[in-house]
Amino acid sequence: MKIKTLTTYDVYNYGAALQAYALMTYLSNLGNDVEIINYQPDYLTRKYDYKWVNPESAMSRYAVTRVLYRILKFLQRQTTIGRKRAFDQFTRDCLRTTQCRYSSFDELSANPPESDLYIAGSDQIWNVFYEAGRDPAFYLEFVQQGKRASYAASFSYLDIDEANMKRISNSLHKFTAISVREHHGLELLSQMGLKGTWVLDPVFLLPVDEWERLANIKIPSDKYLLVYDFERNSALQDFARTYAQRRGLKIYSINDTYPLPYADRNFSSAGPREFVGLIRHCAAFVSNSFHGTAFSILFHKPVFVFNRRRHKVNSRMESLLGLFELDDCLIKSPASAEKAMERIFDYDKIESIKKRELVRSMDFLRKLLA
């Protein structure tokens, strides 16, 4: 079967790149002809565009602040240029995309790639807090012929206004099948008069040994606690330092931007393959990353999660941890942090849950491909 997937895959985000790889690879391994639609609207390509300033930002009001912002953004780009190159290499080597690059919904609608089946997802493609969640492309409105479906699509943001609910409902009623990544997604679908299936994120579809083959890292000699912190969260820092000190671990950090001063070693040029490798060999993982948490569960690593403060995306963490009965690994207070320090992880139970949920997830795709 010819399949085209649509997701946010080339945005210099580890989870976005790896979930796109996982779904593409799983479907390809079943004997399908799979490509990711090379959809790159301007709002998805700004991370390394130091000239762009959000017109709604206070920084855009005056010429001097715009210049200052661009200088700071340029310096940030130079700091993480190695990271960008690693991501670009991963995209070239590991992801199969359509030859045609689309920069807008209008372009995609005018000349859509041919396919028997179009799959939207995974990741936060339906989060209306982000521009992707308001883009008709991610609701497959460009499709002219062929089945429409979603796999592990995420609304993430719970408080969807009436206008967006109506728009989303109209689009999703055209789908053959819908699956979502979080349990609250089923509730939102129900409000729209739609049925859905709760499935695992695509990274769980591939076996551990396949991820180990993808990983690219020289195995460190240190025993280390791995930190991946989007927001320089002070509570996360305190937890990581205490946990590492009690267990005699070094602290390693994967950086999106600048190094963490408290880390013994910073990785500022890590791409998706290095991300997987660093989680695979760590002693424990502390983060506010959904996919970092998912890989920790896959690799049977102690994992401790802190909510994001600036983005409305925390329901996905609660759903993932709840599914694997790891609710107490979501650190919300000093008391819960202290309790988590001594937590014992039952990996037999975690593996049993994963196998059970994989049956449902794979069955959803099997029926879709029939």
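Residues numbered from 1 in each chain as written. Predicted model: local features only at pLDDT ≥ 70, side-chain atom pairs only at ≥ 80, totals over all residues. Heavy atoms only, no water.

Q: An account of empty space enclosed by the protein is requested, with residue identities and associated values reported.
A: Tallied over the full model, the rule gives two cavities of 30 Å³ or more. In this structure, the largest cavity spans a volume of roughly 80 Å³. The element best represented in the lining of the largest cavity is helix α11 (residues 314-323), accounting for three residues. Its residues placed into classes, the lining of the largest cavity shows seven nonpolar, one polar and three charged. (1 Å grid on protein atoms, 1.4 Å probe; cavity = no way out; pocket = protein on both sides within 12 Å on 5 of 7 lines; lining within 4 Å. Points joined across faces, edges and corners; volume = space filled by probe spheres on them. Helix = DSSP H or I, 4+ residues; strand = E, 2+ residues; numbered from the N terminus. Nonpolar A, V, L, I, M, F, W, Y, C, P; charged D, E, K, R; others polar.)

Q: If you had to explain the packing of aromatic side chains to someone new, which residues and values would you point to?
A: Per the stated rule, a full pass over the model turns up 27 aromatic pairs. Aromatic pair Tyr21 and Phe90: ring centres 6.0 Å apart, planes at 55 degrees, arrangement tilted. Here Phe90 lies in helix α3 (residues 81-94) and Tyr21 lies in helix α1 (residues 14-29), a separation of 69 residues in the sequence. Of the residues examined, Tyr21 reaches a relative accessible area of 11% and is grouped as buried. Phe90 gets classed as buried once you look at its relative accessible area, which sits at 3%. Seen in terms of ring centroids, Phe275 and Phe295 are 6.5 Å apart; in terms of plane orientation they differ by 85 degrees. Their pairing is edge-to-face. Within this pair, whereas Phe275 is found in helix α9 (residues 272-280), its partner Phe295 is found in helix α10 (residues 290-298), the two being separated by 20 residues in sequence. Taking relative accessible area as the criterion, Phe275 reaches 0% and is therefore assigned buried. Residue Phe295 is classed as buried on the basis of its relative accessible area, which comes to 0%. (Phe/Tyr/Trp six-rings, centres within 6.5 Å; stacked < 30°, edge-to-face > 60°. Buried < 20%, exposed > 50% of the residue type's maximum accessible area, 1.4 Å probe, protein only.)

Q: How would you explain the nonpolar core if you had to name every residue and give the values?
A: Grouped together as the largest cluster of nonpolar side chains are 91 residues, with contacts concentrated most on Phe204, Trp211, Phe295 and Phe324. Element by element, the count of residues in this core is highest for α1, at 10 residues. If near-sequence neighbours (up to four positions away) are discounted, Phe295 is found in contact with Leu18, Val203, Trp211, Phe275, Val276 and Ile279. If you look at the next biggest cluster of nonpolar residues, it comprises 35 residues, including Tyr118, Ala137, Phe155 and Met165. (Core = buried A, V, L, I, M, F, W, Y, C linked by side-chain atoms within 4.5 Å. Contact = heavy atoms within 4.5 Å.)

Q: Break down α3 for me, with residues and values.
A: Here α3 contains 14 residues, and its C-alpha end-to-end distance of 20 Å stays within 8% of the 20 Å for a straight helix at 1.5 Å per residue. Those residues of α3 that fall on the buried side of the exposure criterion are Arg83, Lys84, Ala86, Phe87, Asp88, Phe90, Thr91 and Cys94. Residues of α3 that are buried sit in contact with α1, α7 (208-214), β8 (224-228) and α9. (Expected span 1.5 Å × (residues − 1).)

Q: Tell me about the sheet that holds strand β10 (residues 265-267), and name the residues and values.
A: Ordered in space as β10-β9-β8-β11-β12-β13, the six strands form an open sheet in which the pairing is parallel. Bordering the open sheet on either side are β10 and β13 (330-331), each of which pairs with just one other strand. Two elements, strand β9 (residues 250-254) and β10, share three bridges in a ladder whose sense is parallel. Considered in β10, the bridge of Tyr252 is made with Arg265. Across the sheet, α9 lies against β8, β9, β10 and β11 (284-287), angled at about 140 degrees from β8, the strand it touches most. (Pairing = 2+ DSSP bridges. Axes fitted to C-alpha atoms, helices over the stretch in contact; angles between N-to-C directions.)

Q: Could you give an account of the pattern of salt bridges, with specific residues and numbers?
A: Oppositely charged side chains are able to pair whenever their charged atoms sit close together. Using the criterion set out here, one finds 18 salt bridges in the structure. Put simply, Arg181 and Asp123 hold a salt bridge, and the shortest N to O gap is 3.4 Å. With Arg181 in the loop between β6 (179-180) and α6 (183-191) and Asp123 in the loop between β4 (117-120) and β5 (147-150), the pair connects residues that are 58 residues apart, well separated along the chain. With its nearest N and O atoms 3.0 Å apart, the salt bridge here joins Glu351 to Lys354. (Salt bridge = Lys/Arg side-chain N within 4 Å of Asp/Glu carboxyl O.)

Q: Tell me what's going on with the packing of helix α8 (residues 234-247) against helix α12 (residues 334-341), and back it up with residues and numbers.
A: Running from N to C, α8 and α12 point in directions that differ by 25 degrees, and their axes come no closer than 11 Å. As the angle between them shows, α8 and α12 are arranged roughly parallel. Read as a crossing pair, α8 and α12 show a hand that is right-handed. Side by side, α8 and α12 meet where Phe239, Thr242, Tyr243, Arg246 and Arg247 of the first sit next to Ala337, Glu338, Ala340 and Met341 of the second. Partitioned by chemical class, the residues of the contact of α8 with α12 number five nonpolar, one polar and three charged. (Parallel < 35°, antiparallel > 145°, perpendicular 65-115°, else oblique. Left-handed = near helix turned anticlockwise from the far one by under 90°.)

Q: Quick rundown of the packing of α1 against α3? Include the residues and the values.
A: Interaxial distance between α1 and α3 falls to 12 Å at its minimum, and their mutual angle equals 10 degrees. Accordingly, the angle class assigned to the pair α1 and α3 is roughly parallel. Between α1 and α3, the contacting residues are Tyr14, Ala17, Leu18, Tyr21 and Met24 on the first element and Arg83, Phe87, Phe90 and Cys94 on the second. Along the lines of polarity and charge, the residues of the contact of α1 with α3 split into eight nonpolar, no polar and one charged.

Q: I'd love a proper account of the environment of Ser154, names of residues and values included.
A: Within the secondary structure layout, Ser154 lies in the loop between β5 and α5 (162-172). Ser154 gets classed as buried once you look at its relative accessible area, which sits at 0%. Ser154 sits 33 residues away from Gly121 along the chain, and the two C-alpha atoms are 7.7 Å apart. Setting aside chain neighbours within four positions, we find Ser154 in contact with Asp123, Gln124, Ile125, Trp126, Asn127, Arg181 and Glu182.

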